[in-house]
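Next come the chains, spelled out residue by residue.
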Amino acid sequence: MDLTNSGITNARPFKEYQRRSVVVSTCNIWQFRGSQLFEARLVKKVVYDLIQTLDRLPLEVSKHPVGIDSMKNELMQELRLNSTNEVIKLGIWGIGGIGKTTIAKALYNQLYSEFEAASVVFNVRTTAAGPKGFRDLQRKILKDLCKYGGEVDSVEEGKSLLRDRLGGKRVLVIVDDVDADEQLGALVGDWMAPGSRVIITSRDKHILNVAQVQCIREISGLKIDEGLQLFSWHGFLKACPSPSYEDLSKKIVEACKGHPLSLEVIGSFLYDKKDDTGCWVEAFHNITLHPGIHERLKISYNGLSEEEKEVFLDIACFFNGEVKTLPIVFWKSLYKMVDTAIVNLSMKSLIKIDDEGKFDMHDHLRDMGRTIAETAKEGTRLWETTHLSTLHYNNFSRLRIKASSPQRLELLYSHRLRYLHLQNLSIEDMTKDTLAMLPPGLIWLRLENCTFEIGISRAVKKPRHSIFLGNIWQLKIMEVINCIDLDGPSISSLFSLPNIQLQHLKLVFCWGLNILPDSIGNLSQLQYLYLSQSPGLRILPDTIGNLPQLQHLDLSRCGWSNTLSDSIGNLSQLQHLDLSRCDWLNTLPDIIGNLAQLQHLDLSVCGGLNILPESIGKLAQLQHLELSYCERLNFLPDSIGNLSELQHLDLSNCKRLNFLPESIGKLAQLQHLELSCCERLNFLPDSIGNLSQLQHLALSNCKRLNMLPDTIGNLSQLQHLDLTYCEGLNILPDGIGNLSQLQQLNLSYCWRLNILPDSIGNLSQLQQLDLSYCWRLNILPDSIGNLSQLRYLSLRWSAIDHLPDRIGRLSYDDSTGVCRLPRQL
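To start, this report covers the structure provided alongside it. Remember, predicted model here, so these are calculated numbers, not experimental data.

Another point: the overall build of the protein chain. In terms of regular secondary structure, the protein chain is built from 21 helices and 27 strands. Across the 825 residues of the protein chain, 54% fall into the buried class. Across the protein chain, contacts joining residues at least 24 apart in sequence account for 61% of those joining residues at least 6 apart. Looking at the protein chain as shown, the accessible area adds up to about 35500 Å², and 47% of this sits on carbon and sulfur atoms.

Put into structure tokens, the structure is as follows:
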């Protein structure tokens, strides 16, 4: 069976694939003759369908999917899968938090294997309001349905691409949280082929009617027994309540009217209060007196500590969907128990943190939080303003101002301001006289797409664009993003402030920034410095070495001259250094070996880099070294073997690299070695067999590699070996059979490979073997039948004309008449 395009070689959990139906092994399918031709075509169709199925993984529905199966089964009937001559749209309608998205996910998991391709687009309402809006949504659908990887420049182009690339394809599309007619028009138009299905979730039934959705089903909440079960999972961590709380639990479930989000939040709130009956009774009375959803959810909010409330409101107003790192720094400047607060908010189901470390708060909880912030006696948070000229913000402690087009803003004094985020604004007359009034208590400053006018500063011959001359000595975080007028003198005064406590500084997409002032060396507390995407920045001042606390330095995509300042070697606490895509960089200073704490060094796509200093071997803590696409690098220093903690080494597309030093075998902790597209690499050193922890070895497109050392069999932990397009490889060493943990072996397009060693049958853990396009390989060793774990075998366009009756777990069922493979081809 050929799964070349299935994505199975990606790092996806293989267990998901094991649940699929019988896998069929095929050879060059057009070599079938006579009466076997129909059978060959049938096998080809089965293979194609399996390819499409195996390339998709199910969605995570819910930790406690109570009541989902019954509703899913009802909706499956409405979709009429047997009807292939029409496009059927199913609308799932209901209030927020009622379970629409969860049901849509369950339907996807049930349906996706029935279609040629499938796509799920979540949070349409929120994404459509973003900078690229519909274009991002259209690109997601194109990527899911036809592997389109390009950009979408306009909505109309997106519609045209969908029509041209997907016309005639039977697909499943789920569009989640739609709140406007034009959203559906841009995403699910007349391009859909008969037999396709569209599932739409929305809070507005009118939108579904306008879209001529054939079937609209309202989700009205869980039944009493289902609601009690969901509440119990969160309130008691089991499917039913404790006997002493059963009656009270039923009353709370009835009062919540089966609303899943309310049951989850209130159940989580009451979980640690099982010894306080009075608290349960009070919660029930509050739900009864205030039946609205926000009022129900507010019961959990009211039970928070003051610090937890502040953190919750900040996430609701400003940080939902953002990585948690910087907000935590901000809060720790204000509160004492920040980590505890985040844990408690998560345990009470008020927030979630996704796999990328981003805050995820349900819309209802976000809206409730914003309502609380708006109605506070002393308003302290303002997060949406669009029409403004002069803004007085004497009362605000957190402020975000976003204009739809650049507008002027005159900043006035506020002693309470701690967070200031300005977008698309022109900051007028930035002189010492006006900005000395910026509050000294400001902790976080964000500027995006802002311009800085010269104004009075030109008249008095002061530095252009003087921005931050106020005594903002408590500033911890400063972000300047895509502010094209920013230059070195603009920020010089900030760095010269006495006792400044700046910890995070981000100056990215600042096209006018061509020099950093020497005063940056005054930032003694700085831990993170991001200077990426500033192509005019060519030289670092020597004072950069005066930053004793710096841990993360991002200099990617800058126009650095030949090398870096030697002072960079003084950064004794540096852990992460990113120099990727610095085309002018051709060497590193020897003193880089002084970075004793460095763990991650990224030099990828440094097209001018032609040598690494011997001192790189002194980086005793280095774990990740990225050198991909360093196309002028032709050798590694012997000292590379001294990197005793190195786990990941990427040398892919180093097209001039022709050998690896013997010392590479000393990398005792190396787990991932990427050598793909090293076109001049013609052999591996015997010492590679000493990499006792190596799990992944990628050698694809090493066209000159003609043999592997027998010591490769010593790689006792190797799980993935990729030899795709190793055109010079004609034989595998017998030692390959000693790879006791190998799970994936890809030999496709090894055109000169003409024999497999008998020892290949010793690969007891092998699950995937790809021999496609091995044109000279005409026989499989009998020992291949010993591969007891084999589930995937590709022999497409190989010269093999005979298979054993059984290969691993790939067996043939003669009784079905469908997946039978002839014994003689």
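Any two side chains of opposite charge can pair, so long as their charged atoms come close to each other. Summed over the entire model, instances satisfying the criterion amount to 25 salt bridges. A salt bridge links Lys 506 to Glu 479, with the shortest nitrogen-to-oxygen separation between them at 3.6 Å. Residue Lys 506 is found in strand β15 (residues 504-508), and its partner Glu 479 is found in strand β14 (residues 477-481); the two are separated by 27 residues along the sequence. Among the residues examined, Glu 479 registers a relative accessible area of 4% and is labelled buried. Here the salt bridges do not stand alone but share partners, grouping Arg 125, Asp 177, Arg 203, Asp 363, Arg 366 and Asp 367 into one network.

If you check helix α18 (residues 363-375), its first and last C-alpha atoms are 18 Å apart, about what 13 residues at 1.5 Å a residue would give, namely 18 Å. Within the sequence span of α18, burial applies to Asp 363, His 364, Leu 365, Arg 366, Met 368, Gly 369, Arg 370, Ile 372 and Ala 373.

Moving on, we get to a positive patch on the surface. Residues Arg 632, Arg 656, Arg 680 and Arg 704 make up a contiguous surface patch of positive charge. Assignment of secondary structure puts Arg 680 in the loop between β22 (672-674) and β23 (696-698). Since its relative accessible area comes to 40%, Arg 680 is described here as partly exposed.

Read from one edge of the open sheet, five strands run β2-β3-β4-β1-β5, paired in parallel fashion. With one partner strand each, in any of the chains shown, β2 (117-121) and β5 (215-218) form the two edges of the open sheet. Ignoring which end each strand starts from, the neighbouring axes of this sheet average 15° apart. In the sheet, strand β1 (residues 88-93) pairs with β5 via four bridges, with the strands oriented parallel. Directly across from Gly 91, in β5, lies its bridge partner Ile 216.

What follows deals with the side chain of His 504. Structurally, His 504 is set in strand β15. Apart from residues no more than four positions distant in its own chain, His 504 is found in contact with Leu 326, Val 329, Lys 476, Ile 477, Met 478, Leu 526 and Tyr 528.

Counting 122 residues, the largest nonpolar core has Leu 507, Leu 577, Leu 627, Leu 699 and Leu 723 as the members making the most contacts within it. Mapped by element, the contributors of at least two residues to this core are β10 (398-411), β11 (419-427), β12 (444-448), β14, α21 (488-495) and β15. Setting aside anything within four residues of it in sequence, one finds Leu 577 in contact with Leu 553, Leu 555, Ile 568, Ile 592, Leu 595, Leu 598, His 600, Leu 601 and Asp 602. Judged by nonpolar contacts, the second largest core, of 37 residues, contains Val 265, Ala 316, Ile 342 and Ile 351.

The next subject is a nonpolar patch on the surface. Together, Ile 484, Phe 509 and Trp 511 give the surface a local cluster of nonpolar side chains, amounting to about 310 Å² of exposed area. Along the chain, Trp 511 falls in the loop between β15 and β16 (528-530). Given a relative accessible area of 48%, Trp 511 falls into the partly exposed group.

Evaluated as defined, the whole model comprises 21 aromatic pairs. Consider the rings of Tyr 245 and Trp 280, whose centres lie 4.5 Å apart with planes at 45°: the pair is tilted. Here Tyr 245, found in the loop between α10 (224-235) and α11 (246-255), pairs with Trp 280, found in helix α13 (residues 277-289); they are 35 residues apart in sequence, far enough to count as distant. Comparing Tyr 245 with Trp 280 shows no difference in burial state: the two are buried. With 5.1 Å between their ring centres and 80° between their planes, Tyr 419 and Trp 444 make a pair best called edge-to-face. Of the two residues, Tyr 419 sits in strand β11 while Trp 444 sits in strand β12, which places them 25 residues apart along the sequence. For the pair shown, Tyr 419 and Trp 444 are each scored as buried.

Cut-off values and rules
Just so you know, the residues in each chain are numbered from 1, in the order the chain's sequence is written. Local features in a predicted model are, by the rule used here, given only for residues with pLDDT of at least 70; side-chain atom pairs are given and counted only at 80 or more, and totals for whole chains, interfaces and linings are based on all residues. Note that water and hydrogens are dropped before the side-chain values are worked out from all heavy atoms of the structure. Where helices and strands are cited, they refer to DSSP runs of H or I of at least four residues and of E of at least two residues respectively, numbered from the N terminus. When a residue's accessible area, from a 1.4 Å probe over protein chains only, is under 20% of the maximum for its type it is buried; when over 50% it is exposed; and in between it is partly exposed. In what follows, residue pairs with any heavy atoms lying within 4.5 Å of each other are defined as contacts. Under the convention used here, a 1.4 Å probe and the Shrake-Rupley method define accessible areas, while residue burial counts only the protein chains that appear. In the sections that follow, a salt bridge refers to a side-chain nitrogen of Lys or Arg positioned within 4 Å of a carboxyl oxygen of Asp or Glu. Between the first and last residue of a helix there are one fewer steps than residues, each counted as 1.5 Å, and that sum is the expected span. Put simply, a patch holds well-exposed residues, over 30% relative accessible area, that have no salt bridge, with like charges counted together within 9 Å and Val, Leu, Ile, Met, Phe, Trp or Tyr side chains within 5 Å. Positive charges are assigned to Lys and Arg, negative charges to Asp and Glu, while His and the chain termini are left out of the count. We put the charge of a Lys on NZ, of an Arg on CZ, of an Asp on CG and of a Glu on CD. When DSSP locates at least two bridges between a pair of strands, those strands are taken to pair. Axis geometry follows a simple rule: fit a line to the C-alpha atoms, using only the stretch in contact for helices, then measure angles between N-to-C directions, giving values from 0 to 180 degrees. In plain words, nonpolar cores are sets of buried Ala, Val, Leu, Ile, Met, Phe, Trp, Tyr and Cys residues tied together by side-chain atoms within 4.5 Å. Only Phe, Tyr and Trp rings take part, Trp by its six-membered ring, and two of them pair if their centres are within 6.5 Å. Stacked means planes under 30 degrees apart, edge-to-face means over 60, and tilted covers everything else.

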